[in-house]
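Coordinate analysis (summary)
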Amino acid sequence: MSEAPLLEARNLTRRFGALTAVDDVSFSVPAGQVFGIAGPNGSGKSTLFNIITGIPFPPSSGEVLLSGAAVHRMRPHQISRAGVLRTFQKDAEFATLSAFENVYTSAIYCAGTASTDARAAATQALDDVALPTGRRGMAASGLSVFERKQLMIASAIASRPKVLLLDEPAAGLTKPEVSGLSALIRTVRARGITVVLIEHVLALLLDVSEHLMVLNYGRVIASGLPDDVVRDPKVVEAYLGTREIAR
Amino acid sequence: MPVKLDARSLGLAALVVVGLLVPFVVQDTYVRHLFIMAFIYAVVASSWDLSLGYAGIFNFGHVAFFGIGVYATGLTAKLLGLDPWLAMMFGGVAASAAAVLVALPVVRLQGVYVVLVTFAFSQLVLQVVISQSAVTGGTQGLIRVPTIELFGYNFLRDFKFGYYYVAFGMMVVAVACLRWLARSDFGLSIMAMRDNEDYAASRGIPIALQRLKVLVFSAFFAGLAGGFFVVYLRVASPEVFSFSTTSLILSMVLVGGTSTIYGPVIAALVLTFVSEGLANFEGLAEGRFILVAVAMIVVLVFLPKGLASALPKRWGQRAAE
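Computed from a predicted model, the values in this text were never measured in an experiment.

1. Focus: the overall build of chain B
A tally of regular secondary structure across chain B gives 13 helices and 4 strands. Taking 20 Å as the expected radius of gyration for a compact globule of 321 residues, we find that chain B reaches 19 Å, a close match to that expectation. Expressed as lengths along the three principal axes of its C-alpha atoms, the size of chain B is roughly 55 × 50 × 45 Å. Counting over 321 residues, chain B shows a buried share of 48%.

Next up, the structure:
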């Protein structure tokens, strides 16, 4: 018996004039899975996140279902509140707010937590990602790159999403920090949050993903178990090249 | 349970006490008048800070909300015979209603387009006031607006003693409300929206609704200040919509420091007194504006975040920290 999907995309398409950035993409993510998405630059990965969340634009056509209910006609903040939360490649924080306020605000507005509980939830989420106590009152703009990733994950945990869409979270991290990020993603999953992960760092993607989908020119060219997908000739040709597989 | 007061609360309480004692020390009617005008400007500037500084909405129609408060109060008090106290409140409500109209396009626009729409709105209101001269007095303005009374006390007596307290009370209440809003969860959400709009939407913040609320709240206080302005001066003039009024109050916001509320209050007092004080020197009646402009540049060079940045850091801390 197949598991009912938590997140389902049906025939998602996004056009910009003559350019079709996302072309008839369909996939489904069961609850509790880490679902990886890979593809070369410009293949439509981030645009896919944009149209799933409506930030900053909705799909031209197609449907997004969360637990079977359509969310693609909702406003962006309603999609977030319904449980589909995204991160961004850059500027994924409120720069002038403190780290604590960043997480607290997410708990209040996204999870709908009452003020007193939101303080506790924010503190717990920051504890979960091990952001040092002394850094929590600091403006987010003053945090290091890895601390901002910790903040991003803490903010996501406090928002209590059903699905977290992570857009290239390893960008700008050193190798040891990528290992730390891998642990953070497992922390998120351990909290019952389903993860959809866009990533160029293949080691991270293969380390945490249970399913991998590869896009090229806006279309799905492969989807399945990660080890199988990375050996798919179409993926090797379009994205990985033979040297990456040899590694 | 004993109330625990920190240094900031004590400092603010001391300032309020000093403000309450000023009329007993300052007997001169003109100086009292300057205080009253500074308090009115302080309310307009600090309420502008909520939408411009905290929410990052480039709303250049804020002074029009003040003007709407002036005319809504003046017209309802003079033509409809509404009690001037109630008319003042109506000034705030009318400005908020106008803010809803402005918000309809503004909530979906960004940056310079917000400037254009709000500035156009300001000019539109000015044209309506001038063109409807049978009601508004046109370029001549509205004169002999009824003023306030309280339990038979005539505010025109006692060298503006009563007016001083109404203006001071209005400013204290407005600043307290604005600070409370800015330090609340709502305040955090609008700062989040200012910092990163897409990210704010991704964290469940309803951008359009928060923008609407900010404009409505900030317009209310500007309209209320306008209401007091007209029952105090008893004249409503289209001058309140002028570019010079806008630039004066915008200077107060910027020199005082955005996202502070207190900063524009300090700047309103400083700029009002410096500007008027210089006018008493021979030959500086016009030249004072140049000196004030130079002073502003000096302040912004040495204190880029405004006068409020010279305050102790704890004064700026927010509730959620």
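2. Quick notes on the environment of A:E237
Take A:E237: it is sitting in helix α9 (residues 233-246). In sequence terms A:E237 and A:I153 are 84 residues apart; their C-alpha atoms lie 33 Å from each other.

3. Quick notes on the interface of chain A and chain B
A common measure of how large an interface is: the accessible area buried when the components associate. At the interface, 29 residues of chain A touch 19 residues of chain B. Of all the secondary structure elements, the ones that give two or more residues to the side of chain A that touches chain B are α2 (76-82), β6 (84-86) and α3 (99-109) of chain A. Taken together, the residues that form the side of chain A that touches chain B break down as 14 nonpolar, 11 polar and 4 charged.

4. Overview of the packing of α3(A) against helix α8 (residues 185-195) of chain B
Their axes nearest at 10 Å, the elements α3(A) and α8(B) cross at an angle of 110 degrees. The angle between α3(A) and α8(B) places the two elements in the roughly perpendicular class. Contacts from A:E101, A:T105, A:I108 and A:Y109 in α3(A) reach B:D185, B:L188, B:S189 and B:A192 in α8(B). Here the residues of the contact of α3(A) with α8(B) sort into 4 nonpolar, 2 polar and 2 charged.

5. A word on the domain arrangement of chain A
Residue and element names in this part refer to chain A. One can read the domain layout of chain A as domain 1 (1-83 + 162-220) and domain 2 (87-160). Between the C-alpha centres of domain 1 and domain 2 the distance comes to 21 Å. Residue-level contacts link 19 residues of domain 1 with 15 residues of domain 2. Those elements that place two or more of their residues in the side of domain 1 that touches domain 2 are α2, β7 (163-167) and α6 (175-190). Residues that form the side of domain 1 that touches domain 2 fall into these classes: 9 nonpolar, 5 polar and 5 charged.

6. Thoughts on helix α4 (residues 115-128) of chain A
Residues and elements named next belong to chain A. Taking 1.5 Å as the rise per residue, α4 with 14 residues should run 20 Å; its terminal C-alpha atoms sit 20 Å apart, in good agreement. Along α4, the residues that are buried comprise A118, A121, A122, A125 and L126. With its buried residues spanning 130 degrees around the axis, α4 presents them on a single face. Residues of α4 that are exposed and point over 90 degrees away from its buried face: T116, D117, A120 and D127. Summarising the contacts, the buried residues of α4 are in contact with α3 and α5 (145-158). Positive phi shows up at A130, right after α4, with a value of about 60 degrees.

7. Things to note about the environment of A:N41
All names here are of chain A. Structurally, N41 is set in the loop between β3 (34-38) and α1 (45-53). Since 8 C-beta atoms lie within 10 Å of it, N41 is described here as exposed. When the C-alpha atoms of N41 and S179 are compared, they prove to be 23 Å apart, with 138 residues separating the residues in sequence.

8. Topic: the pairing of strand β10 (residues 219-224) of chain A
All names here are of chain A. Inspection of the sheet shows strand β9 (residues 211-216) paired to β10 by 5 bridges, in the antiparallel sense. Within β10, the position partnered with M213 by the bridge is S223. Count of turn residues in the β9/β10 antiparallel hairpin: 2 residues, of which Y217 carries a positive phi of about 50 degrees.

9. What to know about the sheet that holds strand β4 (residues 61-66) of chain A
Residue and element names in this part refer to chain A. Strand order in this open sheet of 4 strands is β2-β1-β4-β5, and the pairing throughout is antiparallel. At either margin of the open sheet sits one strand with a lone partner, and together these are β2 (19-30) and β5 (69-70). In this structure, strand β1 (residues 5-16) lies alongside β4, joined through 5 bridges in antiparallel fashion. Bridge assignment links R10 to a residue of β4, and that residue is E63.

10. Points about the environment of B:R32
Residues and elements named next belong to chain B. Its location among the elements puts R32 in helix α2 (residues 29-54). Look at R32 and you get buried, because 20 C-beta atoms sit within 10 Å. Residues R32 and V22 lie 10 residues apart in sequence; the distance between their C-alpha atoms is 8.7 Å.

11. Some words on the sheet that holds β9(A)
All names here are of chain A. Strand order in this open sheet of 6 strands is β6-β7-β8-β3-β9-β10, and the pairing throughout is mixed. Unpaired on one side and paired on the other, β6 and β10 mark the two borders of the sheet. Each strand axis lies, on average, 20 degrees off the axis of its neighbour in the sheet, ignoring direction. When β6 meets β7, the two strands line up parallel, connected through 3 bridges. Among the inter-strand pairings, V84 is bridged to a residue of β7, identified as V163. Docked against the sheet, α1 engages β3, β6, β7, β8 (194-198) and β9, running at close to 145 degrees with respect to β7.

Reading guide: rules and limits
Here the residue numbering is sequential within each chain, running from 1 through the sequence in written order. All chains are assigned letters beginning with A, and all ligands numbers beginning with 1, in the order in which they are written. Owing to the predicted nature of the model, reporting of local features is limited to residues with pLDDT of at least 70; listing and counting of side-chain atom pairs is limited to 80 or more, with chain, interface and lining totals taken over all residues. By definition, any uninterrupted DSSP run of H or I lasting at least four residues is a helix, any uninterrupted run of E lasting at least two residues is a strand, and each is numbered from the N terminus. Here the globule rule is a power law, 2.2 Å times the number of residues to the power 0.38, and the radius of gyration is based on C-alpha atoms. As a rule, residues whose C-beta atom has 12 or fewer other C-beta atoms within 10 Å are exposed, those with 20 or more are buried, and those in between are partly exposed; C-beta atoms are placed from the backbone. C-beta atoms are first placed from the backbone for all residues, and any pair lying within 7 Å is then listed as a contact. Put simply, Ala, Val, Leu, Ile, Met, Phe, Trp, Tyr, Cys and Pro go in the nonpolar bin, Asp, Glu, Lys and Arg in the charged bin, and everything else, Gly too, in the polar bin. Convention adopted: a line fitted to C-alpha atoms gives each axis, helices being fitted over their contacting stretch, and angles between N-to-C directions are expressed from 0 to 180 degrees. Angles below 35 degrees are treated as roughly parallel, those above 145 as roughly antiparallel, those between 65 and 115 as roughly perpendicular, and all remaining angles as oblique. Reported domain spans reflect what an automatic or database domain assignment gives. The span you would expect from a helix comes to 1.5 Å times its residue count less one. This arc describes the spread of directions from the helix axis toward the C-beta atoms. Any two strands with at least two DSSP-identified bridges between them are counted as paired.

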